[in-house]
Amino acid sequence: MALPNAYGQYNNSKIMTASSAELTLMLYEGAIKFCNIAIVAVEHGDIQKAHDNIQKTERIVDYFRQTLDMSYPVAEDFERVYSYLSRRLVEANIKKDKEILEEVNTHLRSMRDNWKEVMKKSKEQGK
C-alpha cells in the first residue's frame, strides 16, 4: 500500500521542482485530461462527473486568464481565446454537450502543442 503514497510524493516533488514553463504545460495537460473525463462522463450520462470535470477545466482556463501579463500585445490574443473557451465550457456544462467539449479540447491540445514548441525552441536558444 506504500506505492500510492510514493506516487503522490513523486508528483508533489515533480510540481515543486518544475519551472514555470513546465507548470504551464502541466496545467494544459490537466485541462485536457479533465475535459476528456467530462466527455466520457457525458457519453455515459454521468451528469455530476461531467459537471465536476468541466468545472476543473474551467478553473484552469480561468487561471490562465488571470495570470496573463497584459504588458505584452500577444496577451490580448490569449485573453480572447481563453474568454471564448470559458464561454464554451459554461455552455457545454449547461447542455452537457459532448461536441462543445471536443471543440474545447481541440483548442487546448493545439495550445499545449504550441507551448511545447515554445519550450523546445527556448531550450535550444539557451544552449
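These figures come from a predicted structure and were not determined experimentally.

A.B. asks: Help me understand the overall build of the chain in this model?
C.D. replies: Each helix and strand in the chain was counted, giving five helices and zero strands. In the chain, the order of α-helices and β-strands from amino to carboxyl end is α-α-α-α-α. Put simply, the chain has 127 residues, and 31% of those count as buried. For the chain, the computed accessible surface area is about 8500 Å², with 55% contributed by carbon and sulfur atoms.

A.B. asks: Where do I start with the side chain of Arg88 in this structure?
C.D. replies: Note on placement: Arg88 falls in helix H4 (residues 74-95). Judged by its relative accessible area of 18%, Arg88 falls in the buried class. Ignoring sequence-local partners within four residues, the contact set of Arg88 consists of Ile100, Glu103 and Val104.

A.B. asks: Looking at this structure, how should I read unusual backbone geometry?
C.D. replies: The general pattern is negative phi for most residues beyond glycine and trans for most peptide bonds. Positioned with a positive phi, Lys96 is a non-glycine residue whose angle comes to about 50°. Tracing the backbone shows Lys96 in the loop between H4 and helix H5 (98-126). On the basis of relative accessibility, which here comes to 19%, the residue Lys96 falls in the buried class.

Parameters at a glance
- Residues numbered from 1 in each chain as written.
- Predicted model: local features only at pLDDT ≥ 70, side-chain atom pairs only at ≥ 80, totals over all residues.
- Heavy atoms only, no water.
- Helix = DSSP H or I, 4+ residues; strand = E, 2+ residues; numbered from the N terminus.
- Buried < 20%, exposed > 50% of the residue type's maximum accessible area, 1.4 Å probe, protein only.
- Areas by Shrake-Rupley, 256 points an atom, 1.4 Å probe, with all protein chains shown as cover.
- Contact = heavy atoms within 4.5 Å.

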